[in-house]
Structures are given as structure tokens and as C-alpha cells.
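Here are the chains, one letter per residue:
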Amino acid sequence: RVIYRPTPADLDDLPGVFDGLVRRIMVVGGGCGILLHEAADVAPSSGSRRWLNTAWRQGRSLHVPIIACTQRPARVDRLALSEAAHVFLFMLADLDDRERVARLMGRQTRSLPNLETPFSFYHRGPDGSVRRCSPLTL
């Protein structure tokens, strides 16, 4: 298990630094998952760098699952969203973010209201169906 936390120096080119880490995973043949706490920091809407772009497209075949979380989907690389097998939508306050995810989840989502509790969510699965899910009980 490797946990990468950017240093202040990394922030000058965080997408590039992170791309170097993804390169190392891909060159050794994968077999390692990637969890992005804030995808917009390393996969901005202007596009992912070369190796992360490759991981979005070919990661499944190399056993490199990617879990990408973001509070601002309107600021994330379109490829990161379009390659997702599962999408979970929790409460989003920003209208641009809600519209971007609505397009991703399908037309029926446009008519669904925003979630009234922070722990309920919508899920779009690999078959494209969208369903509203109640808060998880622990």
C-alpha cells in the first residue's frame, strides 16, 4: 500500500507529478488500484496527462481499478467521467456540477431533484440504469 500526499513543491505541477506515479504503475504491468480523493487536482477539465489518460482507458485490462472522487465534476477531465463503470452522485450544490453529472447519468436524472440528505445518493451502474439509494445504515 502506498499513500501519496503531495508536498508543497509538487503543487507547482501536480498533474505532472501524479502522472509520473501512474506511469510507474502502468510500466510494471498494473495490479494496483488508484484512489483519487480529489480528481480535479490531477485530472483537470483541460485533460489528463499521458499515463493517467492511459489508465482511464486501459486500466481495467491491467487490473488497475480507479476510484475517483470529486466535489466538482464540472472541473474534471471528461474522459475520467465517461470511462466510469459506476457513478455515485451525492448532494451537489453547484448547478454546473449537477448538470454535468445529469448528462453523464442519463436524461431521466435531469428531472430528479437534488438529494435532501447528505447520505442518500443516486447510482448509475454499468447497464446505464439509475436508481436512488437510501442512506447506508451502519
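Look up a bit, the structure's there.
As the structure is a prediction and not an experimental result, all values here were calculated from the model.

> Sorry if this is basic, but what is going on with the pairing of strand E4 (residues 121-124) here?
Remark: a regular strand shows side chains that alternate across the two faces of the sheet. Of the two faces of E4, the one lined by Phe121 and His123 and the one lined by Tyr122 and Arg124 are each fully buried. Pairing geometry for E4 and strand E5 (residues 130-133), over 4 bridges, is antiparallel. In the strand pairing of E5, Arg124 is matched with Val130. The turn linking E4 back onto E5 is made up of 5 residues, and Gly128 within it adopts a positive phi angle of 90°.

> How do you make sense of the sheet that holds E5 when you look at a structure like this?
With antiparallel pairing, 3 strands are arranged side by side in an open sheet as E3-E4-E5. A single partner strand is all that each edge strand has here, and the edge strands are strand E3 (87-89) and E5. Sheet twist, expressed as the average angle between the axes of neighbouring strands with direction ignored, equals 25°. One ladder, built from 3 bridges, connects E3 with E4; its direction is antiparallel. Bridge pairing links Leu89 to Tyr122 in E4.

> What is the right way to read the pattern of salt bridges from this model?
Between side chains of opposite charge, a pair can form as their charged atoms come close. Under the definition given, this model contains 3 salt bridges. For Asp13, the salt bridge identified is with Arg49, shortest N-O distance 2.8 Å. With Asp13 in the segment before helix H1 (14-27) and Arg49 in the loop between helix H2 (39-42) and helix H3 (50-58), this pair connects stretches of sequence that are 36 residues apart. By relative accessible area, which is 32% here, Asp13 ends up partly exposed. Note that Asp94 and Arg72 form a salt bridge whose closest N and O atoms lie 3.3 Å from each other. One end of the pair, Asp94, is in the loop between E3 and helix H5 (95-105); the other, Arg72, is in the loop between strand E2 (66-68) and helix H4 (78-82), and 22 residues separate them in sequence. For Asp94, a relative accessible area of 29% puts it in the partly exposed group. A single salt-bridge network, built from bridges that share partners, covers Arg72, Asp94 and Asp97.

> Could you clarify how one ought to interpret H5 in this entry?
Quick reminder: α-helices carry 3.6 residues per turn. Residues three or four places apart thus point the same way. Residues of H5 that are buried: Asp97, Arg100, Val101, Ala102 and Met105. Regarding H5, its N-cap is Asp94, as a side-chain oxygen of that residue lies 3.0 Å from the backbone nitrogen of Asp96 further along. Phi turns positive, to about 115°, at Gly106, one or two residues after H5.

> Got a minute to help me understand the nonpolar core in this structure?
It is characteristic of soluble globular proteins that their nonpolar side chains tend to be buried jointly. Formed by 20 residues in total, the largest nonpolar core has its most connected members in Phe18, Val22, Ile34, Leu36, Leu52 and Trp56. Taken together, the elements giving at least two residues each to this core come down to H1, strand E1 (34-36), H2, H3 and H4. For this core, the element with the most residues is H1, which contributes 5 residues. Non-local contacts of Leu36, meaning those with residues more than four positions away in its chain, are made with Phe18, Val42, Trp56, Ile67, Ala68 and Cys69. Counting 8 residues, the second largest nonpolar core, distinct from the first, contains Val87, Met105, Leu115 and Val130.

Conventions used here
Within any chain, residue numbers begin from 1 and follow the written order of that chain's sequence. In view of the model being predicted, local features appear only for residues whose pLDDT reaches at least 70, and side-chain atom pairs are presented and counted only at 80 or more, with totals across whole chains, interfaces and linings using the full set of residues. Think of the side-chain values as coming from all heavy atoms in the structure, minus any hydrogens and water. Each residue gets one of three labels from its accessible area relative to the maximum for its type: buried under 20%, exposed over 50%, partly exposed in between, using a 1.4 Å probe on protein chains only. Strands here are runs of E lasting at least two residues and helices are runs of H or I lasting at least four, both read from the DSSP assignment and numbered beginning at the N terminus. Here, a strand pair is defined by DSSP locating no fewer than two bridges between the strands. Axes here mean lines fitted to C-alpha atoms, for a helix over just the part in contact, with angles spanning 0 to 180 degrees between N-to-C directions. One speaks of a salt bridge when a side-chain nitrogen belonging to Lys or Arg is within 4 Å of a carboxyl oxygen belonging to Asp or Glu. Here a polar contact is recorded for every N or O atom pair within 3.5 Å, except that within protein the pair must consist of a potential hydrogen donor and a potential acceptor, and residues adjacent in sequence are included only if both atoms are side-chain atoms. As used here, the term nonpolar core means buried Ala, Val, Leu, Ile, Met, Phe, Trp, Tyr and Cys residues forming a set that is joined through side-chain atoms within 4.5 Å. Only heavy atoms enter the contact rule, under which two residues are in contact if any of them lie within 4.5 Å.

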